[in-house]
Each structure stands twice: as C-alpha cells, then as structure tokens.
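# Analysis of the macromolecular model
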Amino acid sequence: MCIYVQLRPLRCTQTFQTGVSFSLLVVAVPPKMAACGRVRLLLLFVSVSLCVCRGVDDKIPNSNANPILNRQPHPVVGQFPPAGNAAPGAAVSQSRRSTGWKLADEEACREDLTRLCPKHTWNNNLAVLECLQDRKEDTEIAPACNHLLWNYKLNLTTDPKFESVAMEVCKTTIPEIKECAEEERGKGYLVSCLVDHRGNITEYQCHQYITKMTTIIYSDYRLICGFMDKCRDDINALHCGSINTGEKDVHSQGEVIACLEKGLVNEAEEQSHRHNIKDDCKKAILRVAELSSDDFHLDRYLYFSCREDRERFCENTQAGEGRVYKCLFNHKFEEAMSEKCRDALTTRQKLIAQDYKVSYSLAKACKADLRKYRCNIDTNLPRAREARLSYLLLCLESAVHRGRTVSGECQGEMLDYRRMLMEDFSLSPEIVLHCRGEIEAHCSGLHRKGRTLHCLMRVGRGDKGAVDEMCQRSLQTLIQEADPGADYRIDRALNEACESVIQTACKHIRSGDPMILSCLMEHLYTEKMVEDCEHRLLELQYFISRDWKLDPILYRKCQGDAARLCHTHGWNETSEAMPPGAVFSCLYRHAYRTEEQGRRLSRDCKVEVQRILHQRALDVKLDPDLQKRCMTDLGKWCSEKTEPGQELECLQDHLEDLGQVCRDVVGNLTELESEDIQIEALLIRACEPVIQSHCHEVADNQIDTGDLMECLVQNKHQKEMNEKCAVGVTHFQLVQMKDFRFSYKFKMACKEDVLKLCPNIKKKADVVICLSTTVRNDTLQDVKEQRVTLKCRKQLRVEELEMSEDIRLEPELYDACKQDITKLCPNVAFGNAQVIECLKENKKQLTQVCHQKIFKLQEVEMMDPELDYQLMRVCKQMIKRFCTESDAKGMLQCLKQNKNSELMDPKCKQMITKRQITQNTDYRLNPVLRKACKADIPKFCQNILNKASDDNELEGQVIACLKLKYADQRLSTDCEDQIRVILQESALDYRLDPQLQMHCTEEISQLCAEEAAAQEQTGQVEECLKVNLLKIKHDICKKEVLNILKESKADIFVDPVLHTACALDIKHHCAAIPPGRGRQMSCLMEALGDKRVRLQPECKKRLQDRIDMWSYAAKVAPAEGFSDLAMQVMISPSKNYILFMIALCVCALFMVGLMCGRITKRVTRELKDR
C-alpha cells in the first residue's frame, strides 16, 4: 500500500526546539494509488528531524548532537515529469552544503520572508515553509521563491535517510504492534505501518510524531503519489492549470484539484460544455477528497477559501475528524459566510453526495452499521452507486424503519446529511439536471436554506404550472433519501416556518418525533396555523403522501399488513406491480372491509390509515390517486375553487359530469366518507361544538359506521350549530343523494332489498321512492309478509325523515320547482323545510309541474305526518305533551283533537290550522276522511270525481258535496262522523272551508273585515256572513252561506255561535236527546214554541235569528229534496197547521183508496160469475 502524508507546520511556544509543531494525516490508500514507493514517504519523515521536541524526556536526541536529525535536505532542483527547466533565480548554489542550510538565507525568498514572516521563525526551514505557504490569499510572493519552495518540498519526499528517527521516537510502540514489528527494516515499510496503525498508538511522543506530518504533499497536487499520471489529460482538457513547474503559483495548486472536483460535479449534473473525466482520475479525485476528510487544512483550496470564515464561525472547533468541515457546513447559509467559501463547501458536499467516504465523520460513525446491514455488498449494483450518499442513507434508513438498531452516532451523522440534502438542492445532481427549467422559470434566487427545494415542491404540486415528469421523480427520490417525515427538523425551511406553531400547538410532543408532522396537519387551516408554515407543510406532505413509506408511523404499524395483503417489498425497494402510491390504496380498501368480506387490517394499522385519510381530506392534492385521475375534471369544473376542501366538494357536486375514471375515484372516496365522516377533517373541526354537545358518545367510538353523520343531521338546527357545519352537513347530504352507496347505514341495511326490488336504480332519492312505494303498497294490501326487510324499513324511515328537511334532498321536486323558488321564495333559506313551506303557501301561483309535485308531496305527508318536517319541528313539544301514545300516522289527528286546548302552543296551533286548510282542499289529503267515506264519495259525488285529475286539488268540492249529503242525513255513520268534525272545525274558522273562502273573499273583506282580522277564530266570520246575508250580492257566495244555514239545521254543533248561546238550555231541556240528524235542534225549536219553557235570552234571540234566516233561505233557495222540505216544515211557525193539513190530506186519500177498492172488488166478482 502507498501512504500519503502531509506535513503542516504550526506555531507553538514550548513543544519543539524550533518553536514549530506539525500535524500529520495518514490514510491507507489502495495499491492502485501507490505508484510511488514507500521510500518517498519514509524520506519525508527524515525532514522532520529538524523539529524534534526539546522537552520529550530527552528520548529524542538534540539536533546539535545527532547527525541524523541535524541533516537537512539540500534544495536541489528536481525535475517533476514532465516539468521543464527550473525558472531563473530559483536555483540554489550546488556548492553549498546541506548541513546548516536555511531557506531564510536564500536570495530568492529573502524579501518575501522579511515582509511576511516573523523573525523568530527564520532559523527553522519548516516554520518558514508554513509561513510562506499559508500566507494570506491576497499576498503574492516571487515566482523564484515559489519554485524554491517547490524543490525543497520535493526533496523532502525523496530523502531516504530518516527511518531511524521513527525507530528512536516510537521504540516502545513498535513491539506492541505486531505487524510493524515484523516489517523489514531499511525499506521504509516501518513508518508506513505506523501510519496505518495510528489509532492504536498510545505513546504520546510517537503519536505526535506520526500525526503532524501532512502539509507538504497536499499543498501541491503534483506531489500526491500517482495523481499526476492519472489526471494529466483531464487537467489540460479542463484548463485547470499548467503542470509545468513555475507556471502556476505553488500556493494555488489546491485550485487545480478544486477545478477537477468541479468538473466531476458538472459531469454528474450533465451540464453543458462538460468534460467526461476518466474513471481513473475520478477515483483519484474522490480519493484525494477522502484523504483530506480528516482535516480541512488538507483541502488547500477550501482552506484558503474559508480561512477567515473558519475564524469567524468555527474558532473554537478543534481540527481533525472532519469537525471543521461540519461546522462550516452548518454555517454555510449564514449571511456573513463569504461566497467563495460557500462555493467551496458546496463542491465538497457534492463530492460527499457522490462518495460518502469523503465525509470522515459519516464514514467512521456508520462503518460498523454499513457492514452489519450489508449496505455495500450488493453485487447487482455498480460500486459507484454503492458509494453514493443516497444509497447509504436509503440502506440505513431501511434498517431503522424495519426496527433494526443503528448506532446513535451513525443516526446523528445521517440526520446531519439528510438535513444537508434538504437545505441545498444543488447537492442532488438529478435535481440540477432534470429541474433546470423549473428552477430558471420559477425558483431562481431562492437557493438558501431549502427555499429552492420547497419552491420546486410547490411547482411539483401544480401551484405554479406543470412540472417535468423526470423533475417530479427526482424530487420524490430526494424526499425519500432525506426522509423528512421521520424528523421534521431535517427540513430547515419547514422547521423555521412552523416553529411558532410547534411551540403552541404541538408542545406536548417530543422534539423530532414523527408525530409533529401529524400534529401540524391536524392544525392546518386553524387559527394557530401561520400562512408560511401552511405552505411549507403542504409542499412536503404532497410528496410524502405519494409514498406510504415516507410516513414512518404508518410504515411501522402497517408494514406487516402491507406485506400480507398488498405483497410489498422492503423499505428501499419498489415493485412495478405495487408501486409506492398504490400501497396505501390497497391498505384503505382493506381497512373498511367487514369480516364477511375477507381479510382485514390489524387495528393499529387501521388507526394509522384513518389518520392519513383524515389528513388527505384537507387538500385534494394530498390524494395522489384522486389528483392523477381527476386532473382534467378539476381544471374543467373546479378551477375557481381554491379554498380548503372546496375542490373535493366541487368534484362531488359534479359527480355526474365527471369522466368515468374520476367518477369512480370520487365515488369510492365519498363512499368511504359515509362510513367514517371523521375523514372529513374540516367538517369535523367546524362541527366540534355540536359534536361535544350532542354527538360526543358516537364521536368517541373507535369505529364509526355512519352514526356521527346521522347525529349531525338530526341536530343540524341546534343552537350550537354554526353556519360552516350546517353547510358541510347539508352538502354531504346532497352528495349522498347521488348514489345510495354514499349513505353507509342505508347501504348496509338495504343493499339486498335494492338488488331485489330496485335493481337498476342508483340514485338514492329514486331508491328511497322505490322502496317506500313497495312498503306502502304492501301495507295497503295487508300482505302477510312485507317484501322490504325490517332493518331496511327502519333505515328507510330515517332517510325519508332526513330528505323532508331540505327540498334539495329531493332532486325531482327541486328541479321541478327551481323557477318557482327563484320567483316566489328568493329570500327563503334552505333547510328546516322552509322552502317547501313557502311553496305550499304560494301553491296557487306555482307552475303546473311544480304544483303537481307539491300536491304529491302533501299527499304523502298527510298519509304520514312524521314526514312533515315543519309540523314535527314546530309541534315537537306539543307532540310530547299530547301525543306520546299516538303512532306516527295518527300524529296530525291527535294534534287536531288537542288544538283548542289551553296548553296548546300558539305556533303549533297555527301550523295545525295550516294543515287542516290543506286537508279540506281535497279529500285525498285527508286519509281518515278518505277511508271513512270510501263508499259515500263515489255514490254521491261521482260527477265531481269525473272532472278531477290525479295531481290537482278539487278545492273542497267533494267535501262540500258530502256536507250537503250530511244535511240530508244520507251519509254512512263513519263518513257522517268525519263530516261532522269538518263542519264543526270550519264553522269556527272560515278558512277551513275552501269553497266559502274562494267564493266569498270580496264579501268577507267588505262586510266582515274586523272579524276576519281577529286572532281567535270562533265562528264570527260565518256568523257575520249569515247576519249580512241580504247584503251579499254575488249569488255564488250567497249560495255558500245558505248551504251553511242548511248544514246548521242538521246539527247544532256545526253552528258554534248558536251552540255556545244555547249550551245551558241544551243541558237542561235536551240532555236526553242524542246529537246529530237535527234532533237537538228540533228539541230547541219545540222548547222555543212551548210557552212553559223559558230559554236563555241569548239562546232565544239566536234561535229566532236562525228561524228568520231559514225562512229567507226557503224563499231564495227552495228545498232540493224531501229532507229539505221536511226540515222547513219542522222549523215553520205554522208547523202544526201544516202538519194537520198534511194529515187531513193523507186521511182523505186513504178513504178514497178504500172506496175505490170496494168498487173494484165488486166488479171483479161480477166478471167471474159470468
């Protein structure tokens, strides 16, 4: 092997006789680099004999007494192939002896020495060499002096007489090192061996002697063993400097190596005008960098470039083991750092990226771990790749992620270099090569502290336009190499931007813990998040989300499941069959499987999958599959949706318009959300107050099966509900209407029923209608076994109730009435069924198609009042008070019966009245009446039914028809009971009589305005119309009032004013007479005519008024039937006379018939006798 040694003299005050100490770096070099023999190195050590320590226990002879140590090399002008002749003035007299020869005495350097070097150093040649070699950068020395120094250093490396010095200084150490003790003496092998085992030397004097010898060789690339032969052509091709002695400043020879290093970097980055360096020279360049990795003084170009910066930033950093390099790396982007030093540091970092051994500390710290985990043994990869920093990081990171032990020292070094990669994009040649266009277009001037990398990430996200595929892939590779997901501090830009957020929102988490990133994501778009942190976080998460392995917690919890279910490989291995982006999709498909559906994820893995899904819901770009498949649709439909969460909502809103591939992805995601709405992190955050107040029990469940969303829907109008939450819940409800699969509980309960009964229907609204119709038909037909299963019927009920709350949840109705809503209800808010109520109130003004839909809706609601959202909402407390024992279908009937209770809430009473008015417009809207009068309606009102349509009101015509038949006492008992109730209700409130209200609107406003305006409806309007009967001009209105009078004859209960006035008299005089069929009315009439009976004055007055009205009615409206006639006779003042005359007529007819019968009988007998 060949040993490279550099000697660097440093000033000291007491150690050496000459006042000079020496630093030595010794590194073992492969045989291929050992073009020079060991003798050259051994000769170098002879030169150190000038500076043997004076105070080392006198073990080393004094320079005056020891001829070996006293012998200094003669500066004979050596020829360095292919160097030419020495420059003039550089030669030294050959006649001068070597003994006692001093550089300070030479004419060529005397002027420079006097100007630059302290006088006390003149007596020691190596001190002079140090002074002139390490002068300030802006200080020049004469070319002749340069050449003289060159020859002096060259002769130091060729003097063969100094092995004895090492034997004397290290005489106690040599026997301890077996390999060195066995080396053959006299050939220079001994010193080479000692250098090789420097770490094992414990003897202080020997260790000092061996470790302070390195300056000479590394000051000039031409003195490095074999370097010149391998890189001659490349030096010339790259114009890195002349190889002829004297044409290049010896002190700037480090620039030649720096030039070659830059050429090597440019080649890796495939820059234009690059030169492809020969492989041997590449190895030599990297080897030189490796050999100088211990002490930054050995990198002469970097040393001179960073000399002042070292004093500024790393003054207290001890040289050796790469410590100064690391210190300078850490301060690379400080404002006070000089550009020249920053460039030199960047070049060295790029070399480290190509060969990790260029970093002394990293190679040393990770040596055992690299061997342990076989990180440089892969025979399938070229050696060049195995040496790359990225390969080392990926290999060791893989071990860490697999739970293997990597030494803390190595992990610390890895952390430093991962941070280095994130800070400076230029250290990754692939980024420089493939992202050049993006950097020039969008990210120029942002290279410090990771800003350019984050700018490229932003471009990669699509925030600044399209990005080249190779650039995107390079960014993804870099993120995997740096692995910032494992420790956010690796990303300096993120760390600085989010420091305040971490201190406030995530202070409970240990610094550097991977959960910090999750904590930041949980606080995304909250008050604690700052804008800069938000941008940096999303930029990083965009790339982490594209490879499941970059989330260390997810990988740790799910690697077993991924291998078992998704057939994944190791952490740093990829598979075309299962690329990184597809693994997470595979995991979440298994996360929500039921036991019947097959293999499922472990509990820990499922929790992590849910966490990632919650994070991805914050931004559509964090879902790689969604962004990839929906890129076109996002641009087409959602380009203006830029707020958080809006893009996914937009895609869901346009689900029917999306391409098939995108529709499938959005559909699957929406279906997943329906099972676990907590995936919608923004919605859950907005609904936190409602959840805490009303849904905390279901929210705390580990497994959400749609219960939380159901709870939010049920409590959508609680006081804790804010606008954001209400809008989010409603939006999710609207999305659910697009496909029944989007309602998890409905899907699970009714899946089989839908396949059997509604196989070709997909939209949820249509499915609900289909199943509801089936249930209704089975109920009406009294089938023994319902076709819809019980669990489906229960969930179907929930869905119907939810749909009744917002017209938008019934797409057919909403589409039919959009125009009417805009025209008639422009300022009415959706929700709480307010728009539906508005349309009902303006029913007469609706378009035909909307009117038909509203009529159908009312028909369903009257059959099942629980679906009447406004009624159930307004009367919720009254239902609890009065109707706890009533079933859902009898709810309205119960409320009607308790309408006039003193405990009835006025708002509920008003709502009940509205529903009664609606019911009386059409018998079909009154299911109880319809059932009771099922036979009577076609019997007596068929002419009206013939003119009716299926979806338009009859405006009370059928009920008016039945009222007249009630007066004629021709209805069945059940129907009569229902009509009596309607008559009683409408007598109290004229609005419940649609025919009267429709035909007498003008008369009511003119004659009875005060009564109509009264809040309490006690029959005063009808009484007013009766009193003003003679003033009514319109015959049709007069006819309606006469009909009311006629109806009141049949039952006093339908005349509330008269009934109230005569209630006491009925109790005293007619208590034994059952109501109905005019019996109690007749009783009162008889009492009125009986002078022995004294009625209440008010009753007597009201009865007399009724008699007058009936008399007038008889004149203007003759009896239409026998019952009419009989009633008029009974109420006539001449009733007795009329009855006597009728009886007399009947007797006369009887006598005539009797006589006619006898004559007929006699004639018949006579005919027989013949």
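All values reported here derive from a predicted model rather than from experimental measurement.

## Looking at the state of the cysteines
Per the stated rule, a full pass over the model turns up 30 disulfides. The disulfide partner of Cys 825 is Cys 838, and the gap between their sulfur atoms is 2.0 Å. Because the torsion about its S-S bond is -95 degrees, the bridge between Cys 825 and Cys 838 counts as left-handed. Placement of Cys 825 in the loop between α45 (811–824) and α46 (834–841) and of Cys 838 in helix α46 is noted, with a sequence separation of 13 residues between them. By the burial criterion, Cys 825 is buried, and Cys 838 matches it. Put simply, Cys 883 and Cys 894 are joined by a disulfide, and their sulfur atoms are 2.0 Å apart. Its S-S torsion of approximately -95 degrees makes the covalent link between Cys 883 and Cys 894 left-handed. Residue Cys 883 is found in the loop between α49 (876–882) and α50 (891–897), and its partner Cys 894 is found in helix α50; the two are separated by 11 residues along the sequence. Pair check on accessibility: Cys 883 and Cys 894 agree, each one buried. Cys 1145 takes part in no disulfide bond, and the closest cysteine sulfur to it belongs to Cys 1147, at a distance of 9.3 Å. Residue classification places Cys 1145 among the partly exposed residues on the basis of a relative accessible area of 44%. A relative accessible area of 48% places Cys 1147 in the partly exposed class.

## Thoughts on the nonpolar core
Leu 389, Leu 396 and Leu 520 are the most contacted members of the largest nonpolar core, which has 101 residues in total. Cys 1008, Ile 1032, Ala 1087 and Leu 1103 belong to the second largest nonpolar core, which has 34 residues in total.

## Description of the side chain of Gln 610
Looking at where Gln 610 falls in the secondary structure, it is placed in helix α32 (residues 603–616). One polar contact links Gln 610 to Asp 676, side chain to side chain, over a distance of 3.5 Å.

## Considering helix α55 (residues 957–967)
The element α55 is extensively covered by neighbouring structure, given that 8 of its 11 residues are classed as buried. Listed as buried for α55 are Val 958, Ile 959, Cys 961, Leu 962, Lys 963, Lys 965, Tyr 966 and Ala 967. Where α55 is buried, its residues meet α51 (906–921), α52 (927–932), α53 (936–940), α54 (942–947), α56 (973–988) and α61 (1035–1050). Within two residues after α55, Gln 969 carries a phi angle of roughly 60 degrees, on the positive side.

## Some thoughts on unusual backbone geometry
Phi angles above zero are rare outside glycine, and Glu 321 is one such case at about 55 degrees. Following the sequence through the fold, Glu 321 ends up in the loop between α15 (307–313) and α16 (323–330). Positive phi outside glycine occurs at Asn 832, with the angle close to 60 degrees. Structurally, Asn 832 can be placed in the loop between α45 and α46.

Thresholds applied
- Residues numbered from 1 in each chain as written.
- Predicted model: local features only at pLDDT ≥ 70, side-chain atom pairs only at ≥ 80, totals over all residues.
- Heavy atoms only, no water.
- Disulfide = S-S within 2.5 Å.
- Helix = DSSP H or I, 4+ residues; strand = E, 2+ residues; numbered from the N terminus.
- Buried < 20%, exposed > 50% of the residue type's maximum accessible area, 1.4 Å probe, protein only.
- Core = buried A, V, L, I, M, F, W, Y, C linked by side-chain atoms within 4.5 Å.
- Polar contact = N/O pair within 3.5 Å; in protein donor to acceptor, adjacent residues only side chain to side chain.
- Contact = heavy atoms within 4.5 Å.

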